[in-house]
Amino acid sequence: MDWVAKSKLFVFPLCLVPLGWLVYSVITNQLGPDPANTLTRDLGEWALIMLCASLAITPLRKITGINKLIRFRRMIGLFSLFYAVLHVMAYLAFMLGWDWQILLEDLVQRPYIIVGALTVLILSALGVTSTKKMMRRLGKRWAKLHKLVYLAAALAVLHFIWLAKSDYTEPVIYLAVVVGLFAFRIPIKWQRTQ
């Protein structure tokens, strides 16, 4: 077993730690006065953290010269989708009580819901097509499709910014991280065109 496979045995449970902590917080009633909102928000934030972590793999690989880091990107990206789906499920179950009429009203009245839904749809498409079999089947179209991860990151940050009521510190930090990750890609693209 090479070091990447051994590391994955560590990284996989590490990516589940936030979920374990949230479950513990629910059981011990530590989510504050509005537990449904806290749970939903935290799941969404972990989806964004995992998305940023997956986008950071390429810069880390370039900086360190450790090309095998790329083998972590899919797993971390799938964890982003996992937390995003849990975020949506928590929103539907605890915020809306599975009331589809309220969901339709939210979609009309709150554009950040549409932006969040688009983000999850993009992440779902990327998750479904992340296997080696789908890479072979899609060929060159696979790389083009998976560039949508940058759109998903931008939409996720926009969703988070719109959700902020007064304190924009956290959303601005995520915006800076995502812009920084995008900016890192520009020299790579420029070098390829030379």
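Everything that follows concerns the structure shown earlier in this document.
First, a word on what this report is: a plain description of the structure on this page.

Rules of the game
Residues numbered from 1 in each chain as written. Predicted model: local features only at pLDDT ≥ 70, side-chain atom pairs only at ≥ 80, totals over all residues. Heavy atoms only, no water. Helix = DSSP H or I, 4+ residues; strand = E, 2+ residues; numbered from the N terminus. Rg over C-alpha atoms; globule rule 2.2 N^0.38 Å. Buried < 20%, exposed > 50% of the residue type's maximum accessible area, 1.4 Å probe, protein only. Contact = heavy atoms within 4.5 Å. Core = buried A, V, L, I, M, F, W, Y, C linked by side-chain atoms within 4.5 Å. Salt bridge = Lys/Arg side-chain N within 4 Å of Asp/Glu carboxyl O. Phe/Tyr/Trp six-rings, centres within 6.5 Å; stacked < 30°, edge-to-face > 60°. Axes fitted to C-alpha atoms, helices over the stretch in contact; angles between N-to-C directions. Parallel < 35°, antiparallel > 145°, perpendicular 65-115°, else oblique. Left-handed = near helix turned anticlockwise from the far one by under 90°. Nonpolar A, V, L, I, M, F, W, Y, C, P; charged D, E, K, R; others polar.

### With respect to the overall build of the protein
Item 1. Secondary structure assignment for the protein yields 10 helices and zero strands.
Item 2. Reading the protein from its N terminus to its C terminus gives the helix and strand order α-α-α-α-α-α-α-α-α-α.
Item 3. Against the globule reference of 16 Å for 194 residues, the protein gives a C-alpha radius of gyration of 18 Å, in line with a compact fold.
Item 4. Judged by the C-alpha coordinates and their principal axes, the protein covers about 50 × 35 × 35 Å.
Item 5. Counting only residues that meet the buried cut, the protein has 38% of its 194 residues in that class.
Item 6. Contacts in the protein between residues at least 24 apart in sequence constitute 65% of all its contacts with a sequence separation of at least 6.

### Points about the nonpolar core
Item 1. Counting 37 residues, the largest nonpolar core has Leu48 and Phe72 as the members making the most contacts within it.
Item 2. The set of elements that each furnish at least two residues to this core consists of helix H1 (3-27), helix H2 (35-55), helix H4 (73-95), helix H6 (111-128), helix H9 (148-163) and helix H10 (169-193).
Item 3. In terms of residue count, the dominant contributor to this core is H2 (eight residues).
Item 4. Counting six residues, the second largest nonpolar core, distinct from the first, contains Tyr91, Leu92, Tyr112 and Ile113.

### A look at the pattern of salt bridges
Working definition: two side chains of opposite charge can pair if their charged atoms are close together.
Item 1. In total, this model carries two salt bridges according to the counting rule given.
Item 2. A salt bridge links Arg41 to Asp42; the shortest N-O distance between them is 3.0 Å.
Item 3. Overall, Arg41 belongs to the partly exposed group, its relative accessible area being 40%.
Item 4. We note a salt bridge from Arg110 to Asp106, for which the minimum N-O separation is 3.3 Å.
Item 5. Its relative accessible area of 37% is what places Arg110 among the partly exposed residues.
Item 6. Assessed through its relative accessible area of 6%, Asp106 is described here as buried.

### Things to note about the packing of aromatic side chains
Item 1. For the coordinates displayed, the defined rule picks out seven aromatic pairs.
Item 2. Measuring from centroid to centroid gives 5.0 Å for Phe12 and Phe79, while their planes differ by 65 degrees, and the two rings are edge-to-face. Residue Phe12 is located in helix H1, and its partner Phe79 is located in helix H4; the two are separated by 67 residues in the primary sequence.
Item 3. Since its relative accessible area comes to 42%, Phe12 is described here as partly exposed.
Item 4. For the pair Tyr150 and Phe182, a centre-to-centre distance of 5.4 Å together with 70 degrees between the ring planes defines the contact as edge-to-face. Placement of Tyr150 in helix H9 and of Phe182 in helix H10 is noted, with a sequence separation of 32 residues between them.
Item 5. Tyr150 sits in the partly exposed class, given a relative accessible area of 23%.
Item 6. In textbook terms, an aromatic cluster arises when at least three aromatic residues are bridged by ring pairs, as seen for Phe12, Phe79, Phe82 and Tyr83.

### Side note on the packing of H6 against H9
Item 1. Relative orientation of the contacting elements H6 and H9 amounts to 155 degrees, with a least axis distance of 9 Å. On the basis of the axis angle, H6 is roughly antiparallel to H9. The hand of the H6/H9 crossing is left-handed. Seen from H6, the contacting residues are Pro111, Tyr112, Val115, Gly116, Leu118, Thr119, Ile122, Leu123 and Leu126; seen from H9, they are Leu148, Val149, Leu151, Ala152, Leu155, Ala156, Leu158, His159, Trp162 and Leu163.
Item 2. Among the residues making up the contact of H6 with H9, the classes are represented as 16 nonpolar, three polar and no charged.

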